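# Coordinate analysis (summary)
What follows is each chain in one-letter form.
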Amino acid sequence: MNTTGSIPSDAFSLKSPYGRRAIGLSVAAAVGGFLFGFDSSVINGAVDSISSDFALNDVITGFVVAIALLGCAVGAVVAGNLSDRWGRLRVMFLGAIMFFVSSLGAGLAFSAWDLALWRVVGGLGIGIASVVAPAYIAEIAPRQIRGGLASLQQLAITIGIFAALLSDALLAGSAGGADNVLWLGLEAWRWMFIVGVVPSAVYGILAFTLPESPRYLIAKGRHDEARAIFARLVPEADLDHTMRDLQTAIETDRKNAGVSLRGPVLGLQRIVWVGIILSVFQQFVGINVIFYYSTSLWQSVGFDEGDSFTISVVTSITNVLVTLIAIFLVDRVGRKPILLTGSVLMTLSLGLMAISFLFATTNADGEVQLGAPWGPIALIAANVFVIGFGASWGPLVWVLLGEIFPSRIRGKALGVAAGAQWIANFLITISFPAMSSWSLPLTYGMYALFAALSFVYVAWRVPETKGMDIEQTETLFVRQSRAERAGGA
């Protein structure tokens, strides 16, 4: 969004009326991120009960936990086309309905296989929300505060994780254990899923109260509606300019409607691979192992079920707080320095966790145990890992995915990158139970290796995009590619 001399310098600050309105819309849209975080972590407190009640082995347990992520991948891929056809808000509502139905179905599941089915349905809804929310935020946010607003998606995810783990702990505590009956003859672990109907209902209601994306409205010829929305988001002196810029961008998109993601690098454009690789690294460091399996993990370190729930909640609170720090710094320090710092912290902490589990023992029941001093060291390292991730790769990958793709392929490319993220998440999640039973040191060592590689990739391939118009960021990658070709000539 361009400004002129007649526009106050603080017109787009977070404290200005325009900034506050943009924040309000972004927060509402980011409830989709809350659903993602809630869904991804609510199974943390239920996984042991599911495994014992349905007599599942490690492989099937991992499958039931991870299967929702395949639904997320499909939902992410189709979300772009659906939102361009139906509008952002209708697609948000569709995602809310899917998650609502999934929450009830999972809570009332009678076998591992129908539980897996309901988790796929919920995954479809979450995958849709994971693409529509950041796209909506990017389309209504002024560039001066776009990084902070885009980070709200990850903040909402972390709050969703916290809410899920807290509700798990409260429900298990009220029943005296996740396996015990709580209300209406249903065990506490079933209620952990059922409470998901509350945030899904909130998201569905918000889909009826938010204004539609101005970009979508202009694309459909509804200029007056788009102008009325922009009038609340940009100063009057910049309103006509904003409308003209967006109209020009949309007309350019229409001329490039047939443009595909195909390119010279393994069949895809180079910029698409940047988004895919960033997404894969975000998951291959193993962050969701902490939020899917942490309750089981802390019991292996020697804590009882109640203390393990408490530690998981504290870890999720840490995740929320450091994400707030990232939101504060992203438009001040920049994307690249924060990512690099996060990679270093994750590499060191994951390496320390791998070393700690070298000293683990196995009891007569085949359960892993980690005594002092390595148990406390592993606990501290895990929380340092969460700090490193939550303050960097967690929120900033979503920021970059919202701003690195050129407008002519943004919807498709976002879908592909988000789909890759879900698939990577699935691979890590489904493999952890079997890998951890084989070798925890090698498992965490592998995550540490990916964290180290993420540092190398960002230093080598990712330019700084702080403060740039969303339509200009692609030029950084074009210039970089040309420079590489010239250097190799």
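Residues numbered from 1 in each chain as written. Predicted model: local features only at pLDDT ≥ 70, side-chain atom pairs only at ≥ 80, totals over all residues. Heavy atoms only, no water.

A count of helices and strands for the protein chain gives 21 helices and four strands. By sequence separation, contacts in the protein chain at least 24 residues apart represent 79% of the contacts at least 6 residues apart. When the accessible surface of the protein chain is summed, it comes to about 19000 Å², and 66% of that surface belongs to carbon and sulfur atoms. (Helix = DSSP H or I, 4+ residues; strand = E, 2+ residues; numbered from the N terminus. Contact = heavy atoms within 4.5 Å. Areas by Shrake-Rupley, 256 points an atom, 1.4 Å probe, with all protein chains shown as cover.)

Attention shifts here to the pattern of salt bridges. Applying the stated criterion across every chain yields a total of two salt bridges. Arginine 190 serves as the salt-bridge partner of glutamate 187, at 3.0 Å between the closest nitrogen and oxygen. In this structure, the salt-bridge partner of glutamate 225 is arginine 222, at a minimum N-O distance of 2.9 Å. (Salt bridge = Lys/Arg side-chain N within 4 Å of Asp/Glu carboxyl O.)

The next subject is the environment of isoleucine 126. Here isoleucine 126 is to be found in helix α6 (residues 112-140). A relative accessible area of 1% places isoleucine 126 in the buried class. The contacts of isoleucine 126, once residues within four sequence positions are left out, are Leu35, Phe36, Asp39, Cys72, Phe99 and Trp422. (Buried < 20%, exposed > 50% of the residue type's maximum accessible area, 1.4 Å probe, protein only.)

Residue-level pLDDT values for the protein chain average 78, and 80% of them are 70 or greater. The spread of mean pLDDT over the elements of the protein chain runs between helix α21 (residues 473-488), the lowest at 52, and helix α16 (residues 335-356), the highest at 92. The low-confidence segment residues 1-5, where pLDDT is below 50, has 18 contacts with residues more than four positions distant or belonging to other chains. (pLDDT = per-residue confidence, 0-100.)

Further remarks concern the side chain of glutamine 283. Within the secondary structure, glutamine 283 sits in helix α13 (residues 270-284). A distance of 3.4 Å separates polar atoms of two side chains, one belonging to glutamine 283 and the other to asparagine 425. Glutamine 283 has contacts with Asn288, Gln421, Ala424, Asn425 and Ile428, leaving out every residue within four places of it along the chain. (Polar contact = N/O pair within 3.5 Å; in protein donor to acceptor, adjacent residues only side chain to side chain.)

Now for the packing of aromatic side chains. Two descriptors summarise a pair of aromatic rings, namely the distance from one centre to the other and the angle between the planes of the rings. The full count for this structure, using the stated rule, is 13 aromatic pairs. Seen in terms of ring centroids, tyrosine 457 and tryptophan 460 are 6.4 Å apart; in terms of plane orientation they differ by 85°. Their pairing is edge-to-face. Of the two residues, tyrosine 457 and tryptophan 460 both sit in helix α20 (residues 440-461), three residues apart, roughly one turn of that helix. Tyrosine 457 sits in the buried class, given a relative accessible area of 9%. Using a relative accessible area of 57% as the deciding quantity, one classes tryptophan 460 as exposed. (Phe/Tyr/Trp six-rings, centres within 6.5 Å; stacked < 30°, edge-to-face > 60°.)

What follows is about the environment of proline 373. Locating proline 373 in the fold gives a position in the loop between β4 (368-369) and α17 (374-390). Under the relative-accessibility criterion, proline 373 is labelled partly exposed at 48%. C-alpha separation for the pair proline 373 and phenylalanine 359, spaced 14 residues apart in sequence, amounts to 9.7 Å.

On to the nonpolar core. Within the largest apolar cluster, 85 residues are counted, with the highest numbers of intra-cluster contacts made by Ile50, Met92, Met192, Phe193 and Trp422. Here this core takes 11 residues from helix α7 (residues 146-175), the largest share from any one element. In this view, phenylalanine 193 contacts Val42, Ile43, Ala46, Ile50, Ser103, Ala106, Gly107, Leu115 and Arg119; residues no more than four positions away in its chain are not counted. Residues Ala354, Phe357, Ala424 and Tyr457 belong to the second largest nonpolar core, which totals 55 residues. (Core = buried A, V, L, I, M, F, W, Y, C linked by side-chain atoms within 4.5 Å.)

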